[in-house]
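Spelled out from the first residue to the last, the chains are:
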Amino acid sequence: YDDSSWKEAKPYTFFEVQKPTAPFHLKERFIPPMEHRKAGFQGVVCVRESSAQTAESLTIQWNDLLCGKASVEISANTTQIVEISAGEEMCGYPSLSLVGGKDARIEILYAECYGKPQPDMETPAGKRPMPPLKGDRTDYRNGSLSGTSDIYVPSGCGTRENPEIYTPYLFRTFRYIQLKIHTMDQGMSILGYDYITTGYPLEVKTRLKTSDETLNKIWDISLRSLQRCMHETYVDCPYYEQLQYTMDSRAEILFTYSVSGDDRLARQCMEAFRQTQRSDGMLQASAPAQGVNVIPGFSIFYILMLYDHMMYFGDKVLLRDHFGCMDRVLEYFRNHLTEKGLVGDVGGILFRHPYWSFIDWCPEWDKTIGVPEAKLYGDHSLTMESLLYLQGLKAAEKIAQFIGRYGTASEYRRRAERLEVSLKKYCTGKDGLLKDGPEAELYSTHCQVWGILTDVLDREEGRRCLEKTLFAKDIPQCSVSMSFYLFEALRKLEWMEKAEEVWQLWQKMLENNMTTCVENFTDQRSDCHAWGAVILYVLPALYLGIRPASPGFGSWKTGLRLGHLSWIEGEVFLPGRILPIKAGKKSTR
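Caption draft 1: Looking closely at the overall build of the protein. Scanning the protein from terminus to terminus reveals 14 helices and 16 strands. Radius of gyration (C-alpha) of the protein: 26 Å, near the 25 Å computed for a compact globule of 589 residues. Scored against the burial criterion, the 589 residues of the protein give a buried share of 56%. When contacts within the protein are restricted to residue pairs at least 6 apart in sequence, those whose partners lie at least 24 apart make up 72%.

Rendered as structure tokens:
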């Protein structure tokens, strides 16, 4: 490319720069540059089509190419369809180096796994596209690859000394790649195909192993999931939206603190959400974002981010900067209380209400797109939205106390006390269980879990309610996204023995040959969702009990709850040092 006509850069004065495009509000970035490393593909999975040679010989050629031993020669007017594997889910910039092939069509399909097509699902909001039906992620014989593609048409200008190279501008996420190459009147030589990995430079300092080898494998896929979901922002999934969501990020931030003690991406995240606050006080559910994307309960997870940062780092300056935003979030919920003193109709079903009352991906709530069916009854109040508001008030009270806002802390406490009375009065159903809504005789594990976390249910009530609902048929269970809070409830009840059954969700991921954590088991759309990397926090903070007991990690103590495990050993990061761990049911050091 001839760039000789480009002008040299020069500084402009204040009066020469157009005000709408002036960079006067640029700030120094919170985070370090992304990490980049050269990597190669594992090898060929299969050849789907080969019009000029046998699939066996083509497989050998491509494997040699991927090892850097030879090139692949493609004749004119022929077609090849080759599928290759990276060995695990990766984020990177694939680079195809070639000579010749003028006007050929190269379609590069990036996929997370093999699957089978399935029909779209009917919901109250219309048809929802369904992802492929997924089982064994490596089953190329019975499955096929689907997803996003790049299409490249070579110019034919490359030489072996100076080849033509295609690489995308934005990183791609892939475990498998299908290359569909159709040449025209000029043959083509493929000289190389590799990629540059990308992601946030996470320095892992906590490493643990347990007596349960399955949990060790779950640790591996969880750490990989977190790494793939950390870029310039946290992302809900690297393959699909690549958006930084509040609920997802709150958990991912805690996992990051747990394995590295790094809060730089967390600071960026909290600031990004603070800047999305709307006139009514609500935050966008994802940030940065365009358009309206509000999930009312997700704004509470922003407050929990602030609380977590206080407990780990004790930064009063950061908390004061965010305090006004936090208070306006809580005001939104107060302004939407019903006569019963519960959070009212703040959201609804996606595409049928300006705001989405998403709670979790459960099969029972699939037709209402992640919203409890209690939303369809009476005054449309959801117990979960009141419980989230209550948790936000309790976290905000502690933040206010820490920064010396004692009057506001007292106000939050009084509001929480009134809300707790209303929840017990109007949302308690049969056998003392918390209902999904005050006017709906519907139940879920979620309300019991959050009832425990907010102290609406005491320890005895919590055990009884969770025992009646956990793993019960026809009662919505906490999916991957809410399992983090289920584990927290089990810790609070000192009932970690139950955790062994919860890990079955992750055992299923391993059985399906996954290398990262699935988004959910409802539609299994995304194969990499870091809200599922819970073990990175659960092992050190819940099983070993190593978690801050006062702001800034000013104090901590172990509260060993090994459950079904015989031992845990390794290293845990603490501010200022690495703590060697060797914990067992008979001895600990």
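Caption draft 2: A look at the environment of Gly432. Tracing the backbone shows Gly432 in the loop between helix H8 (406–427) and strand S13 (435–437). Each C-alpha atom of the pair Gly432 and Gly462 lies 9.6 Å from the other, and the pair is 30 residues apart in sequence.

Caption draft 3: Expanded view of the sheet that holds strand S16 (residues 577–584). One open sheet accounts for 3 strands, arranged S12-S15-S16; its pairing is antiparallel. Of all strands in the sheet, those bounded by a partner on one side alone are strand S12 (207–210) and S16. Strand-to-strand twist in this sheet, taken as the mean axis angle between neighbours without regard to direction, amounts to 15°. In this structure, strand S15 (residues 567–574) lies alongside S16, joined through 8 bridges in antiparallel fashion. If you follow Trp567 over to S16, its bridge partner there is Gly584.

Caption draft 4: Here's a closer look at the packing of helix H9 (residues 445–453) against helix H10 (residues 459–469). Direction vectors running N to C along H9 and H10 enclose 160°, while the axes themselves pass 9 Å from each other. It follows from the interaxial angle that H9 and H10 lie roughly antiparallel. H10 is crossed by H9, and the crossing has left-handed handedness. Residues Thr445, Gln448, Val449 and Ile452 of H9 form the contact with H10, whose own contacting residues are Gly462, Cys465, Leu466 and Thr469.

Caption draft 5: Region of interest: the pattern of salt bridges. This model, assessed by the stated rule, comprises 34 salt bridges. The partner of Lys38 in a salt bridge is Asp194, with the nearest N and O atoms 3.6 Å apart. With a gap of 156 residues between them, Lys38 in strand S1 (residues 35–39) and Asp194 in strand S11 (residues 188–199) connect regions that are remote in the sequence. On the basis of relative accessibility, which here comes to 65%, the residue Lys38 falls in the exposed class. Residue classification places Asp194 among the partly exposed residues on the basis of a relative accessible area of 23%.

Caption draft 6: Quick peek at helix H2 (residues 213–228). Under the 1.5 Å per step criterion, the end-to-end length of H2 is 23 Å for 16 residues, consistent within 8% with the ideal 22 Å. When we look at burial in H2, the residues that qualify are Leu215, Asn216, Ile218, Trp219, Ile221, Ser222, Leu223, Arg224, Ser225, Leu226 and Arg228. Backbone nitrogen of Thr214 and a side-chain oxygen of the N-cap are separated by 2.9 Å at the start of H2; the cap is Asp212.

Caption draft 7: Just the environment of Phe358, in detail. Its location among the elements puts Phe358 in the loop between helix H6 (316–334) and helix H7 (383–402). By relative accessible area, Phe358 is classed as buried at 5%. Excluding residues within four positions of it along the chain, Phe358 makes contact with Met247, Ile295, Phe298, Ile369, Gly370 and Val371.

Caption draft 8: Helix H11 (residues 480–492), seen in detail. With 13 residues, H11 should cover 18 Å at 1.5 Å per step; its first-to-last C-alpha distance of 19 Å lies within 8% of that length. The element H11 is largely enclosed, with a buried count of 11 among its 13 residues. Within the sequence span of H11, burial applies to Val480, Ser481, Met482, Ser483, Phe484, Tyr485, Leu486, Phe487, Glu488, Ala489 and Leu490. Glu494 sits one or two residues past H11 and shows a positive phi near 55°.

Caption draft 9: Highlighting the nonpolar core. With 146 residues, the main nonpolar core has Trp450, Trp503 and Trp506 as its most contacted residues. The element that contributes the greatest number of residues to this core is helix H5 (residues 298–313), accounting for 11 residues. Sequence-distant contacts of Trp503, that is, excluding residues within four places in its chain, are made with Leu215, Ile218, Phe487, Val534, Ile535, Val538, Tyr543 and His564. Counting 31 residues, the second largest nonpolar core, distinct from the first, contains Val72, Ile74, Phe174 and Tyr239.

Caption draft 10: A look at unusual backbone geometry. Cis geometry marks the peptide bond from Ala287 to Pro288; its omega dihedral reads -5°. By secondary structure assignment, the location of Pro288 is in the loop between helix H4 (264–274) and H5. Unlike most non-glycine residues, His380 shows phi in positive territory, near 65°. Within the secondary structure, His380 is located in the loop between H6 and H7.

Caption draft 11: Broad picture of the packing of aromatic side chains. Scanning the entire structure with this criterion turns up 31 aromatic pairs. Ring geometry for Tyr257 versus Tyr312: centroids 5.0 Å apart, planes at 45°, classification tilted. Of the two residues, Tyr257 is situated in helix H3 (residues 246–260) and Tyr312 in helix H5; the sequence distance between them amounts to 55 residues. Take Tyr257: its relative accessible area is 2%, and that puts it in the buried class.

Caption draft 12: Representation of the packing of H4 against H6. Remark: H4 packs on H6, axes separated minimally by 10 Å, with the N-to-C direction vectors making an angle of 25°. With respect to H6, the axis of H4 lies roughly parallel. The way H4 lies across H6 gives a crossing that is left-handed. On the side of H4, the interface is formed by Arg267, Met270, Glu271 and Arg274, while H6 contributes Leu318, Asp321, His322 and Cys325. Taken together, the residues of the contact of H4 with H6 break down into 3 nonpolar, 1 polar and 4 charged.

Caption draft 13: Spotlight on the pairing of S11. Most of S11 sits inside the fold, with 9 of its 12 residues counted as buried. Relative to S11, S1 runs antiparallel, the two being bridged by 5 bridges. Across the sheet, the residue bridging to Lys38 is Ile196, located in S11. Where strand S3 (residues 72–74) and S11 come together, 3 bridges link them in antiparallel fashion. Following the sheet pairing, Ile74 is matched in S11 by Met188.

Definitions and cut-offs
- Residues numbered from 1 in each chain as written.
- Predicted model: local features only at pLDDT ≥ 70, side-chain atom pairs only at ≥ 80, totals over all residues.
- Heavy atoms only, no water.
- Helix = DSSP H or I, 4+ residues; strand = E, 2+ residues; numbered from the N terminus.
- Rg over C-alpha atoms; globule rule 2.2 N^0.38 Å.
- Buried < 20%, exposed > 50% of the residue type's maximum accessible area, 1.4 Å probe, protein only.
- Contact = heavy atoms within 4.5 Å.
- Pairing = 2+ DSSP bridges.
- Axes fitted to C-alpha atoms, helices over the stretch in contact; angles between N-to-C directions.
- Parallel < 35°, antiparallel > 145°, perpendicular 65-115°, else oblique.
- Left-handed = near helix turned anticlockwise from the far one by under 90°.
- Salt bridge = Lys/Arg side-chain N within 4 Å of Asp/Glu carboxyl O.
- Expected span 1.5 Å × (residues − 1).
- Polar contact = N/O pair within 3.5 Å; in protein donor to acceptor, adjacent residues only side chain to side chain.
- Core = buried A, V, L, I, M, F, W, Y, C linked by side-chain atoms within 4.5 Å.
- Phe/Tyr/Trp six-rings, centres within 6.5 Å; stacked < 30°, edge-to-face > 60°.
- Nonpolar A, V, L, I, M, F, W, Y, C, P; charged D, E, K, R; others polar.

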